[in-house]
Amino acid sequence: DLELEIPVLHEVPPPLGPLYGEKHSAPVVDFSYVGIDAILEQMRRKAMKQGFELNIMVVGQSGLGKSTLMNTLFKSKVSRKSVLATAQEKIPKTIEIKSISHDIEEKGVRMKLTVIDTPGFGDQINNENCWQPIMRFINDQYEVYLQEEINIDRKKRIPDSRVHCCIYFIPPTGHCLRPLDVEFMRRLSKVVNIVPVIAKADTLTLEERDFFKQKIREELRANGIDVYPQKEFDEDEEDRMINEKIREMIPFAVVGSDQEYQVNGRRLLGRKTKWGTIEVENIAHCEFAYLRDLLIRTHMQNIKDITSTIHYEMYRVRRLNENNTGGGNISPLQLNSSSTLELT
Amino acid sequence: MSVTADRSSVDSCLTAVFSFTAEELGGLRGLANLPNQVYRKSVKRGFEFTLMVVGESGLGKSTLINSLFLTDLYSKDYPGPSQRIKKTVQVEQSKVLIKEGGVQLTLTIVDTPGFGDAVDNSNCWQPVINYIDSKCEDFLNAESRVNRRSMPDNRVHCCLYFIAPSGHGLKPLDIEFMKRLHDKVNVIPLIAKADTLTPEECQLFKKQIMKEIQEHKIKIYEFPDTEDDEDNKLIRKIKEKMPLAVVGSNVVIEVNGKKVRGRQYPWGVAEVENGEHCDFTVLRNMLIRTHMQNLKDVTNNVHYENYRSKKLAAVTCNGVDNSKVKGQLTKSPLAQMEEERREHVMKMKKMEAEMEQVFEMKVKEKKQKLKDSEAELERRHEQMKRNLEAQYKELEEKRRVFEEEKINWEAQQKILEQQKLDASKSVSQWLQRVFTCKFKFNFSPLTCCI
């Protein structure tokens, strides 16, 4: 809702212009200025009031630094381990999906961040079909949203629990992708935005890192895996240029840390070893800064848009078609008793 | 004269041999010189050592081997198995001859590419176990042969197991593998790519691993206690550092004017041979410089003997009832074999008798069947004959009836013909009368008649 401010009465009638909080001391009337660009300001206010939602899923074997990276990205203890303080890290026998939400605020902007963790992925001896619980979870979130959307009496703002982005952690072997990685990414790149990262990148020298990245990119291309930013969703030339630069750098080699050390008189996040200190935000050391910029500073809205306009729509189309053809063993769309919705 | 000349030469030889003083030959009795003799013999013979490396691909196994033995076992021309993706677990063997200071070592490196890399890794340890058992079997066969001049020792003396530096604990695969192999070969767990861990993380990780190893009762290789106190202290230090955290590299980098082997990062150089950076030197000293012989001994005395007794016990217990086990193991194999042969012959005889019985029974049955069918056929034959006779009689009856009818009919026909004749006679007589009347009167009635 737009708030209308009652204009302050001047002796001279106020000039035609934006009604919000701008006091024109001098009666300047600009005939060529209509004021459409003020919509940006309105949107900004609305967004700040509403707040943002972001759902990130982290997938990878245990011990790859997923929780640490999440903490580093949002500079606060948002990971599962920080919240559930368990001293021991026991590998669960089956894959669990644990979802933890936090409210973060910065400069008046509020964000509801949900980190979805998947402990137990890829840790067993037999990892056949370990991606299934994850796919089911993602589809369930789409389903919940769809149910709410087709409701007749639906909420003004549908709570968005869809997974916007899935960060996949690749172990730093330095050689090539493992069969498990390829399988997982192939299946999930069709339903969610995947951002692959090389975990614990402080184990690779720069030459090894470049070689590894090249191998990974080749394998992704060879297997037809489209990771974020997807080529087909580039809207215009400008997007394409920016995204091409990003695509040349994927996967990002990241190092996470939530401990601060003193380096050159500054306190920085890093890892201290006997032969040097790795600075997390130093671009010469690792590519964490690029990942953070991609996820938060520049492409967050784009990620959410792609999720809702493309992945979710694909799911919706598939689901509604299934329902129409009297789909097999999938439960038909449940309609509320009070509603009669005709599906064309 | 030749005899005296020979004797003098022999004398000079002998004096040459015995010109060593008593001290030089190691004490009055010369016993102290025995180790030297052993030493010289071994050096001449050369040493053999087989090392197996197991771990997921990308953990730096090839690099570590290259660093340990300062060779390029896996060079750019012959890339190691890690560069190639494997579909199933393979066991590959490479031999290298290393010479140093007059000592010759035939080093065999056994690699296991594909271990733990697939999506489903159940039983990925089976090829490894099969390999180890086959090498032990080869040695057992060579040992049991009549002519055993050369007994090459290809048994696996040591297995280095690489643990991924997750920082948390052992993976289920690690535990399974070590549990299955700890009584077949000396298992030494290592933390691979240890430059990923900070010193604190490394400590925690090591503690966690040792705790889990004890929990699951895994018997890793234990260093033997020696009498020497100094050595004991060293050994205790090594034990505290288990599992060893290693970093491998063959690249030489210059640090502070010194040339060292290490890995160059933007934030510093991780030196391979620096005791503070990683435990590589400890591993190398332990494996090559101090405990190589002990590893071989433990393999020979413990693991191989285990295998041998299990294998031979299985052979003797084969086909014998378990309740008679007590006395069997001490019987000589020959007697055992004789008994087996006798049993076997008896079994064969029994089988033969049984088969004959069965055969006879079958023959009887068949005969009976044939008789029965013969009787059956006879019966049918009789029945058919009777049927036939009955039909014949019927037919005769019918024929008789038919004949009678025929006679009757013929008789009737005759009567009919007679009647016809009579009738025609009377008609002609009447016609004659008419004509005569006509002639008396005019022809008109005739035309009317016609």
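In the nomenclature of an unreviewed UniProt entry, chain B corresponds to Septin from the organism Neogobius melanostomus. Quoted verbatim from the Sequence similarities (unreviewed entry) heading of the UniProt record, the comment on chain B is "Belongs to the TRAFAC class TrmE-Era-EngA-EngB-Septin-like GTPase superfamily. Septin GTPase family."

For chain A, an unreviewed UniProt entry supplies the name Septin 9a and the organism Neogobius melanostomus. Of chain A, the UniProt comment under Sequence similarities (unreviewed entry) reads exactly: "Belongs to the TRAFAC class TrmE-Era-EngA-EngB-Septin-like GTPase superfamily. Septin GTPase family." Comment text from UniProt for chain A, heading Subcellular location (unreviewed entry), reads "Cytoplasm, Cytoskeleton".

Chemist: Please explain the overall build of chain B as it appears in this structure.
Modeler: Tallying secondary structure elements over chain B gives 12 helices and nine strands in all. A burial count over chain B gives 34% of its 450 residues as buried. If you take every contact in chain B between residues at least 6 apart in sequence, the share linking residues at least 24 apart comes to 66%. As displayed, chain B has an accessible area near 30,700 Å², and 56% of this comes from carbon and sulfur atoms.

Chemist: In this structure, what is going on with the overall build of chain A? I would like to understand it.
Modeler: Within chain A one finds nine helices and nine strands. For chain A, the residues scored as buried account for 46% of the 344 residues in total. For chain A, long-range pairs separated by at least 24 residues make up 66% of all intrachain contacts whose partners lie at least 6 apart in sequence. On chain A, roughly 19,200 Å² of surface is accessible, and the fraction owed to carbon and sulfur atoms is 52%.

Chemist: Before we go on, may I ask you to explain helix H5 (residues 179-188) of chain A in this structure?
Modeler: Counting along an α-helix, one turn takes 3.6 residues, and residues three or four places apart therefore face a common direction. All names here are of chain A. Summarising burial for H5: seven of the 10 residues are buried, a large majority. Turning to H5, its buried residues number three or more, namely Leu180, Asp181, Val182, Glu183, Phe184, Met185 and Leu188. Lining the buried residues of H5 we find strand S1 (52-59), helix H4 (132-150), strand S4 (165-170), strand S5 (193-198) and helix H6 (206-222).

Chemist: Can you help me understand the interface of chain A and chain B in this one?
Modeler: The partner chain B presents 40 residues to the 39 residues of chain A that form the contact. For the pair chain A and chain B, the summed buried surface comes to about 3,500 Å²; carbon and sulfur atoms form 54% of the total. Seen at the junction of chain A and chain B, the total is two salt bridges. The closest approach of N and O atoms between arginine 263 of chain B and glutamate 208 of chain A, which form a salt bridge, is 2.7 Å. Taken together, the links from chain A to chain B amount to 13 residue pairs in polar contact (both at pLDDT 80 or more). Of all elements in the fold, only H5, H6, strand S8 (266-273) and strand S9 (276-279) of chain A reach the threshold of two or more residues within the side of chain A that touches chain B. For the side of chain A that touches chain B, the element with the most residues is H6 of chain A, which contributes four residues. Grouping the constituent residues of the side of chain A that touches chain B by class yields 13 nonpolar, 15 polar and 11 charged.

Chemist: In this structure, what is going on with the nonpolar core? I would like to understand it.
Modeler: Nonpolar side chains in soluble globular proteins generally cluster together in the buried interior. If you look at the biggest cluster of nonpolar residues, it comprises 78 residues, and the most contacted ones within it are Met57, Phe121, Ile138, Ile167, Phe184, Met185 and Leu188 of chain A. Ranked by the residues each element gives to this core, the list is headed by H4 of chain A, at seven residues. Other than its neighbours up to four places away in sequence, leucine 188 of chain A contacts Trp131, Ile134, Met135, Ile138 and Ile194 of chain A. Ranked by size, the runner-up nonpolar core spans 70 residues in total, among them Ile109, Ile129, Met178 and Met242 of chain B.

Chemist: Sorry if this is basic, but what is going on with the packing of aromatic side chains here?
Modeler: Between two aromatic rings, the relevant description is the distance of the centres plus the angle of the planes. Residue and element names in this part refer to chain A. One pass over the structure, following the stated rule, counts 12 aromatic pairs over all chains. Geometrically, the ring pair formed by phenylalanine 121 and phenylalanine 184 is edge-to-face, given 4.9 Å between the ring centres and 70 degrees between the ring planes. Of the two residues, phenylalanine 121 sits in the loop between strand S3 (109-117) and H4 while phenylalanine 184 sits in helix H5, which places them 63 residues apart along the sequence. Both residues of the pair, phenylalanine 121 and phenylalanine 184, belong to the buried class. A ring pair is formed by tyrosine 142 and tyrosine 315, whose centres lie 5.4 Å apart and whose planes are at 40 degrees; its orientation type is tilted. In this pair, tyrosine 142 sits in helix H4 while tyrosine 315 sits in helix H9 (residues 300-324), placing the two residues 173 residues apart along the sequence. Taking the relative accessible area as the measure of exposure, tyrosine 315 reaches 8% and is therefore buried. Here the aromatic cluster, defined as three or more aromatic residues joined through ring pairs, consists of Tyr142, Tyr145, Tyr312 and Tyr315. Here the guanidinium or amino end of arginine 162 rests over the ring plane of tyrosine 312, the centre of that ring lying 4.8 Å away.

Chemist: It is not clear to me how the pairing of strand S9 (residues 268-271) of chain B should be interpreted in this structure. Could you clarify?
Modeler: Regular strands have side chains that alternate between both faces of the sheet. Residues and elements named next belong to chain B. What you see with S9 is no split at all: Gly268 and Ala270 on one side and Val269 and Glu271 on the other are buried throughout. Judged from the four bridges that link them, strand S8 (residues 258-265) and S9 form a sheet pairing that is antiparallel. Paired with arginine 263 across the bridge in S9 is alanine 270.

Chemist: Looking at this model, I keep getting lost on a negative patch on the surface. Mind explaining?
Modeler: Together, Glu235, Asp236, Glu238 and Asp305 of chain A give the surface a local cluster of negative charge. Mapped onto the secondary structure, glutamate 238 of chain A falls in helix H7 (residues 237-249).

Chemist: Explain the side chain of glutamate 148 of chain A here, please?
Modeler: With respect to the helices, strands and loops of the structure, glutamate 148 of chain A is situated in helix H4. Classification of glutamate 148 of chain A as buried rests on a relative accessible area of 16%.

Chemist: Hey, could you run me through the pattern of salt bridges in this one?
Modeler: Close approach of charged atoms allows side chains of opposite charge to pair. All names here are of chain A. If you walk through the whole model with that rule in mind, you get 35 salt bridges over all chains. The salt bridge involving glutamate 41 is made with arginine 44; its shortest N-O contact spans 3.8 Å. Separated by three residues within a single helix, glutamate 41 and arginine 44 lie in helix H1 (residues 38-50), roughly one turn from each other. Accessibility expressed as a relative area gives 47% for arginine 44, which makes it partly exposed. Taking the shortest distance from any N to any O, the salt bridge between aspartate 181 and arginine 178 comes out at 3.1 Å. With respect to burial, aspartate 181 and arginine 178 carry one shared label: buried. Members of the salt-bridge network, linked through shared partners, are Glu281, Arg292, Asp293 and Arg297.

Chemist: Explain a nonpolar patch on the surface to me, please; I cannot follow it from the model alone.
Modeler: Residue and element names in this part refer to chain A. The grouping of Val34, Ile36, Ile39, Leu40 and Met43 at the surface amounts to a nonpolar patch, some 570 Å² of accessible area in total. With respect to the helices and strands, valine 34 occurs in the segment before H1. Accessibility expressed as a relative area gives 71% for valine 34, which makes it exposed.

Chemist: How should the packing of H4 of chain A against H9 of chain A be read in this particular structure?
Modeler: For any two helices packed against each other, the geometry comes down to the angle between their axes and how far apart the axes lie. All names here are of chain A. The N-to-C vectors of H4 and H9 enclose an angle of 80 degrees; their axes lie 10 Å apart at closest approach. With respect to H9, the axis of H4 lies roughly perpendicular. Judged by residue contacts, Asn139, Tyr142, Glu143, Tyr145, Leu146 and Glu149 of H4 engage Thr307, His311, Tyr312, Tyr315, Arg316, Arg318 and Arg319 from H9. Class assignment for the residues of the contact of H4 with H9 results in five nonpolar, three polar and five charged.

Chemist: Sorry if this is basic, but what is going on with the environment of glutamate 208 of chain A here?
Modeler: The residue glutamate 208 of chain A is located in helix H6 in this model. What makes glutamate 208 of chain A partly exposed here is its relative accessible area of 28%. Spatially, the C-alpha atom of glutamate 208 of chain A lies 6.2 Å from that of glycine 174 of chain A, the residues being 34 residues apart in sequence. When residues no more than four places from it in sequence are discounted, the contact partners of glutamate 208 of chain A are Thr203 of chain A together with Arg263 of chain B.

The rules behind these values
- Residues numbered from 1 in each chain as written.
- Chains lettered and ligands numbered in written order.
- Predicted model: local features only at pLDDT ≥ 70, side-chain atom pairs only at ≥ 80, totals over all residues.
- Heavy atoms only, no water.
- UniProt positions renumbered as here; feature names shortened; annotations may be inferred.
- Helix = DSSP H or I, 4+ residues; strand = E, 2+ residues; numbered from the N terminus.
- Buried < 20%, exposed > 50% of the residue type's maximum accessible area, 1.4 Å probe, protein only.
- Contact = heavy atoms within 4.5 Å.
- Areas by Shrake-Rupley, 256 points an atom, 1.4 Å probe, with all protein chains shown as cover.
- Buried area = accessible area lost by both parts, 1.4 Å probe.
- Salt bridge = Lys/Arg side-chain N within 4 Å of Asp/Glu carboxyl O.
- Polar contact = N/O pair within 3.5 Å; in protein donor to acceptor, adjacent residues only side chain to side chain.
- Nonpolar A, V, L, I, M, F, W, Y, C, P; charged D, E, K, R; others polar.
- Core = buried A, V, L, I, M, F, W, Y, C linked by side-chain atoms within 4.5 Å.
- Phe/Tyr/Trp six-rings, centres within 6.5 Å; stacked < 30°, edge-to-face > 60°.
- Lys NZ or Arg CZ within 6 Å of the ring centre and 35° of its normal.
- Pairing = 2+ DSSP bridges.
- Patch = residues over 30% accessible without salt bridge, like charges linked within 9 Å, V, L, I, M, F, W, Y side chains within 5 Å.
- Lys, Arg positive; Asp, Glu negative; His and termini not counted.
- Charge placed at Lys NZ, Arg CZ, Asp CG, Glu CD.
- Axes fitted to C-alpha atoms, helices over the stretch in contact; angles between N-to-C directions.
- Parallel < 35°, antiparallel > 145°, perpendicular 65-115°, else oblique.

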